[in-house]
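Fold and geometry: a report
Residue strings, one per chain:
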Amino acid sequence: MSANDAFHIAVLPGDGIGPEVMAPALDVLRRIEATTPGLKFRFTEAAAGAGHYKETGKSMPDSTIKLCEEADAILLGACGLPSVRYPDNTEIMPQVELRFIFDLYAGVRPARLVPGVPSPIVGAAERGIDFVLIRESTEGLFASMGKGVTTHEEARETLVVTRDKTERLFDFSLRLAQRRKKRGKPGRLTLVDKANVFKAFNWQRDILNERKPKFPDVKTDMLYVDACAAMMVRRPWDFDVMVMENMFGDILSDLAAGLIGGLGLAPSADMGDKHAVFQPCHGTAPDIMGQGKANPTAMILSAAMMLDWLGDKHDHPAAADASQRIERAVDAAYASGLKPMELGGNHGTEAIATAVLKALN
Ligand code: ATP
């Protein structure tokens, strides 16, 4: 992409509520494009998910993978339906395949409490919650996926962490803490592990100590995962950036989404060095699909994350600024009394989308 070109975005709406939340996110991006000089998008929609599998027997066509390879970024709604399965009974999950195809090693899960949204945590409304959880997404306990051994007497799964993947993960996390510091955040990275029990995590602690001098303005600390879970519930405002092994991240990222009011508000990204997929934390929500009840906020905030990533990667300040504009518009929409149906209110997809667009003006 050169300075005058449009960012080419691969759009994979997917299944269930995926297309329902994707449409408002694209409307927001189009509005951003119309109001930001020098920022242009070219959207190309492509098939992926359970619907495509039902028609063709493949989770996504080769043309979708080629498009994702060529695009500047990938926006994904949600994929998979409980009623559509492979012969081994597992669900259709092209979003997981994309992680492996494009080596998307950092699962980035921001947990920011939008002012006005109720959190189950006492004091959160006053103190705020604004941290980013980074889940390693290519190894850890998940290195054992499909390789577990079971006999009548025992079952084994093996955790693997490697030096090069740990180094790139820590560099990525330290850099994110550094970027956040420039925006007035504390600039602190917490490594979450179980180093009191497993050697592998002590070995990773040494690697963090080796990497951190490259980022002198970032503070680091280390916390056992069990203590971390308690801290996240008691004092979530104390965290800035957290990084952890795949399985720990799988669990704590759902806890993080719970702290900020639910799945419809939790954006995410799977990032690698070249490619990145931006998608809400939630799944296809078949229980509410086609009813206009889905909250598109997580998808809209995922689109904002995409702009921030593009802005950083291509040194394009207008894209990074547009990301902040979307966040501010979401905050303004909720401050004006928006209450999504998932939080017991009456506002469905259209009302939320309209409120965010109005706030963008
Ligand atoms: P997956 O395994 O794909 O993550 P899941 O069934 O565990 O899927 P979701 O599809 O995310 O999880 O749905 C969990 C619950 O949250 C459902 O009751 C669903 O209706 C609700 N939910 C998820 N996303 C939204 C949203 N954007 N707006 C409103 N409710 C949502």
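Residues numbered from 1 in each chain as written. Predicted model: local features only at pLDDT ≥ 70, side-chain atom pairs only at ≥ 80, totals over all residues. Heavy atoms only, no water.

Things to note about the overall build of the chain
Counting secondary structure elements, the chain contains 12 helices and 12 strands. In terms of overall dimensions, the chain is globule-like: its C-alpha atoms have a radius of gyration of 20 Å, near the 21 Å expected for 361 residues. C-alpha extents for the chain along the principal axes are approximately 50 × 50 × 45 Å. Classification of the 361 residues of the chain by burial places 53% in the buried group. Put simply, of all contacts in the chain between residues at least 6 apart along the chain, 75% involve residues at least 24 apart. A total accessible area of about 16,100 Å² is found for the chain, and carbon and sulfur atoms account for 53% of it. Put simply, the chain has 42 plus and 47 minus side-chain charges, and the middle of one group is 5 Å from the middle of the other. (Helix = DSSP H or I, 4+ residues; strand = E, 2+ residues; numbered from the N terminus. Rg over C-alpha atoms; globule rule 2.2 N^0.38 Å. Buried < 20%, exposed > 50% of the residue type's maximum accessible area, 1.4 Å probe, protein only. Contact = heavy atoms within 4.5 Å. Areas by Shrake-Rupley, 256 points an atom, 1.4 Å probe, with all protein chains shown as cover. Lys, Arg positive; Asp, Glu negative; His and termini not counted. Charge placed at Lys NZ, Arg CZ, Asp CG, Glu CD.)

Topic: the packing of helix α1 (residues 18-35) against helix α11 (residues 317-335)
One can describe the packing of α1 onto α11 by two numbers: an axis separation of 11 Å at closest approach and a directional angle of 125°. Classified by the interaxial angle, the pair formed by α1 and α11 is oblique. The crossing of α1 and α11 is right-handed. Residue-level contacts link V28, L29, I32 and T35 of α1 to A322, R325 and I326 of α11. Split into classes, the residues belonging to the contact of α1 with α11 amount to 5 nonpolar, 1 polar and 1 charged. (Axes fitted to C-alpha atoms, helices over the stretch in contact; angles between N-to-C directions. Parallel < 35°, antiparallel > 145°, perpendicular 65-115°, else oblique. Left-handed = near helix turned anticlockwise from the far one by under 90°. Nonpolar A, V, L, I, M, F, W, Y, C, P; charged D, E, K, R; others polar.)

Topic: the packing of helix α6 (residues 163-182) against helix α7 (residues 199-211)
Packing of α6 against α7 brings their axes to within 10 Å, and their N-to-C directions diverge by 50°. Considered as vectors, α6 and α7 are oriented oblique to each other. Here the hand of the crossing between α6 and α7 comes out right-handed. Along the contact surface, α6 presents R163, T166, E167, F170, D171 and L174, while α7 presents W203, Q204, I207, L208, E210 and R211. By residue class, the composition of the contact of α6 with α7 is 5 nonpolar, 2 polar and 5 charged.

A look at the layout of surface pockets
Roughly 840 Å³ of volume is contained in the largest pocket. For the largest pocket, the lining is made up of 32 residues, of which L176, R179, R183, M271 and D308 are closest to its centre. Counting only elements with at least two residues in the lining of the largest pocket, the list comes to β4 (106-112), β5 (130-136), α6, β11 (267-271), α10 (297-313) and α11. Mapping the lining of the largest pocket onto the domain boundaries places at least three of its residues in each of domain 1 (1-108 + 263-361) and domain 2 (119-146 + 159-260). Reported here for the second largest pocket is a volume of approximately 660 Å³. If you go around the second largest pocket, you meet 29 residues; those closest to its centre are Q95, R99, R135, D250 and C281. Contributions of two or more residues to the lining of the second largest pocket are made by α4 (94-101), α9 (246-259), β11 and β12 (276-280). A breakdown of the residues in the lining of the second largest pocket according to their chemical character gives 10 nonpolar, 11 polar and 8 charged. (1 Å grid on protein atoms, 1.4 Å probe; cavity = no way out; pocket = protein on both sides within 12 Å on 5 of 7 lines; lining within 4 Å. Points joined across faces, edges and corners; volume = space filled by probe spheres on them. Domains from an automatic or database assignment.)

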